[in-house]
Amino acid sequence: MRLYRKEGLNVQIISFPNEEVAKGNYLVVEDRETGRSLIVQVVDIQYANIPGILEELLRNYNGDSYIKGEDLDPFEVGNHIEFIQDARLLICKIRASNSDGVLVSANSWLPSRSRAIVKPFPIEKLLIQVKMHEVYSMHLGETMEKKGLCVDVRTLDGGLNIITGKKGTGKSHMSKLLTLSMVKHGAPIVVLDLNGEYAGLGKDVDGKPNEFSGKIHVLTPGKNLQVTLAQLKLGVMLKILVNALNLPGTSAREFRRIWSFLQQKDGLSMSNLGEAIKNWKCNQHVRDALFSRYYTLLSSRLFTDNSAQATSLRDALYKARVGGAVVINLRDISTIGRHIVVEYVLGKLVELLTSWKLRAVFLFAEEAHLYLRETYWDDIVTRMRHFGVFTTFITNQPDTIRENIYSQADNLFLFNFTNEHDLETISRASKADAETVKSVVRDLPPFHCLALGKVVNDFPVVVRVRQLDVLAMGQTRLFFSERNS
Ligand SMILES: Nc1ncnc2c1ncn2[C@@H]1O[C@H](COP(=O)(O)OP(=O)(O)O)[C@@H](O)[C@H]1O
Ligand SMILES: [Mg+2]
């Protein structure tokens, strides 16, 4: 490889056919004499446009048919010409410069074009700067050079992470990998599981219990997730009514009165609540508004009057305190039901965190736009973060996450996108330069992701996510595969 051009942070390198280079690879441009070097990343690969190459290609064209005869090449230049025709131009971005083994952010130093040696640079060396303690190591997968990539779990702490990519590229898989790795390191996790696919995390591929089996608690509303009104704080109930069910302010005030009335009588229950609304002296519109919400609450099946059936989310979270995941199964629930359940879970989380019963919680939210109101997003990433709710959003529609939320993300895991609109969205929103993101993400094979942010020491790295020995669930239901088997 030879250094060809440098313009700002862009470097062009000529690579010959016998050299293996792929998009996303890191190279080092070394100047032996000065002992300095540039660390660059390949973001695109093109043909080298050498003068006269078009002529040469046209001259050699023979209609794709084989012409009988012998090629005369008395000076043996044929091989050389082919070699040059296949030479590639690597479009690279400068990521850092290296002076006496210390990586510093890029500077304006220009390496010598004649003396500089260009060779591959192992990714481990980039990450070595983060002083990783063995105890906090987490195996993410493999780099493009087929070397294992371990990162520090602490880089996921206290922050906001986003996993995005088109359908079927491995986003949920990545999120499961992060979940299990964090559980292994003793972190409490709450998963808002839209497709009911995290239930298999406690089982291996054959369906037998694995090392996590005692640490995954799947809660399904209506089945093993039901609460009595007495368990619920008024604040959480009001949040459900106002945020999830759009109850107007005046009706909410009336509801508050009904609630304290029932509480004083020690009669907080769904049936009593229904009766109380029916007999409450108030404006007819208010009563209607309350009644319609009451029936929606009933149909969500989250509430029960039977305290023997009631589950304690608090106990489940307590168990997860030393490493465990509470999976809220939102599959087969109506949209409004999901809103109610999520509002309840978040309300409960904040309650436990503010009273310091829990230190912090990592929240994994799949396709959050389907159950979180727009105004909630900012709340989750700012206010809730202070309480200790550290969120990971997973979505295949990157434009459902607003740009200001991307800008607050500490880590981004980008899987393949081919759609121009999606590429545009993520390239505008991510931490690395738009050119790198678009060019690399467009060509990512399935199960590969471009990791950006603290987790990779701010060097964009392509990683093939490792396999998991867990039972896959929530696969797309198909018609034909069923009939063929
Ligand atoms: N790194 C991986 N190694 C092996 N299989 C994977 C990997 N990532 C995803 N898969 C498999 O590919 C399928 C789709 O992955 P999934 O994570 O559900 O995609 P997405 O959530 O992006 O739609 C699943 O069956 C999953 O088990
Ligand atoms: Mg998924």
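Residues numbered from 1 in each chain as written. Chains lettered and ligands numbered in written order. Predicted model: local features only at pLDDT ≥ 70, side-chain atom pairs only at ≥ 80, totals over all residues.

1. Describing the environment of Lys278
Inclusion rule: The way it works is that DSSP assigns letters per residue, a run of H or I at least four long becomes a helix, a run of E at least two long becomes a strand, and they are numbered from the N terminus.
Looking at the element boundaries, Lys278 is found in helix α7 (residues 270-279). In this structure the C-alpha to C-alpha distance between Lys278 and Leu290, which are 12 residues apart in sequence, comes to 9.4 Å.

2. Some details on the domain arrangement of the protein
In many analyses, interface size is given as the accessible surface area lost on bringing the parts together. Where we set the bar: An automatic or database domain assignment is the source of the domain bounds shown. Each residue is represented by a C-beta atom placed from its backbone, and any two residues with such atoms within 7 Å are regarded as in contact. All residues other than Ala, Val, Leu, Ile, Met, Phe, Trp, Tyr, Cys, Pro, Asp, Glu, Lys and Arg, Gly among them, are scored as polar; the first ten of these are nonpolar and the last four charged.
What the domain assignment reports for the protein is domain 1 (2-121), domain 2 (134-225 + 311-484) and domain 3 (234-299). Spacing between the C-alpha centres of domain 1 and domain 2 amounts to 39 Å. Taken together, the contacts link 9 residues of domain 1 with 10 residues of domain 2. Of all elements in the fold, only β4 (36-47) and β5 (88-99) reach the threshold of two or more residues within the side of domain 1 that touches domain 2. Its residues assigned to classes, the side of domain 1 that touches domain 2 comprises 2 nonpolar, 3 polar and 4 charged.

3. Topic: the packing of helix α5 (residues 234-244) against helix α10 (residues 335-354)
When two helices pack together, their arrangement is given by the angle between their axes and by how far apart the axes lie. As a reminder of what qualifies: Only the stretch in contact is used when a helix axis is fitted, and all axes are lines through C-alpha atoms; the angle between N-to-C directions ranges over 0 to 180 degrees. Note that the term roughly parallel is reserved for angles under 35 degrees, roughly antiparallel for angles over 145, roughly perpendicular for angles of 65 to 115, and oblique for everything else. In this scheme the handedness of a crossing depends on how the near helix is turned from the far one: anticlockwise by less than a right angle means left-handed, clockwise means right-handed.
Two elements in contact, α5 and α10, have axes whose closest approach is 9 Å; the angle formed by their N-to-C orientations is 140 degrees. Taken together, the axes of α5 and α10 lie oblique to each other. Classified by chirality, the crossing of α10 by α5 is right-handed. Where α5 approaches α10, its residues Val236, Lys239, Ile240, Asn243 and Ala244 are matched on the opposing element by His339, Ile340, Glu343, Tyr344, Gly347, Lys348 and Glu351. Residues belonging to the contact of α5 with α10 are distributed by class as follows: 5 nonpolar, 3 polar and 4 charged.

4. Describing the pairing of strand β18 (residues 461-465)
The condition that has to hold: Exposure classification rests on a simple neighbour count of other C-beta atoms within 10 Å of a residue's own: a residue reaching 20 or more is buried, one at 12 or fewer is exposed, and one in between is partly exposed. C-beta atoms are placed from the backbone. Here, a strand pair is defined by DSSP locating no fewer than two bridges between the strands.
Counting buried residues in β18 gives 4 out of 5 residues, a clear majority hidden from the surface. Here strand β8 (residues 137-143) pairs with β18 via 3 bridges, running antiparallel. By the bridge assignment, Thr143 is partnered in β18 with Val463. Bridge count for strand β17 (residues 448-453) against β18 is 4 bridges, and the pairing is antiparallel. When the sheet's bridge partners are listed, Ala451 is paired in β18 with Val461.

5. A word on helix α15 (residues 434-442)
Those residues of α15 that fall on the buried side of the exposure criterion are Thr436, Val437, Lys438, Ser439, Val440 and Val441. Packed against the buried residues of α15 are β4, β5, β16 (411-414), α14 (420-429), β17 and β18.

6. Remarks on the site of ligand 1
We count it as follows: By definition, a residue lies near a molecule or strand when the C-beta atom built from its backbone is within 6 Å of it.
Looking at ligand 1, there are 13 residues lining it, with Gly170, Lys171, Ser172, His173 and Phe447 nearest. The greatest single-element share of the shell around ligand 1, amounting to 3 residues, is contributed by helix α4 (residues 171-184). Residues that form the shell around ligand 1 fall into these classes: 3 nonpolar, 8 polar and 2 charged.

7. Here's the deal with the nonpolar core
To keep things clear, this is the line we draw: Remark: nonpolar core denotes a set of buried Ala, Val, Leu, Ile, Met, Phe, Trp, Tyr and Cys residues whose joining runs through C-beta atoms within 7 Å.
Grouped together as the largest cluster of nonpolar side chains are 128 residues, with contacts concentrated most on Ile189, Leu414 and Cys449. Per-element accounting of this core gives the leading share, 9 residues, to α10. Leaving out residues up to four positions away in the same chain, Leu414 has contacts with Thr164, Gly165, Ile426, Ser430, Val437, Val441, Cys449, Leu450 and Leu452.

8. Some points on the sheet that holds β17
Backbone-to-backbone hydrogen bonds pair the strands of a sheet. The strands run either parallel or antiparallel. Spatially, 11 strands are ordered β9-β8-β18-β17-β16-β10-β15-β14-β11-β13-β12 in an open sheet, and the strand pairing comes out mixed. The open sheet has two edge strands, β9 (148-152) and β12 (216-219), and neither has a second partner. The sheet shows a mean angle of 25 degrees between the axes of neighbouring strands, direction not considered. For strand β10 (residues 161-164) and strand β15 (residues 389-395), the ladder comprises 4 bridges, and the chain directions are parallel. Across the sheet, residue Ile163 finds its bridge partner in β15, namely Ile394.

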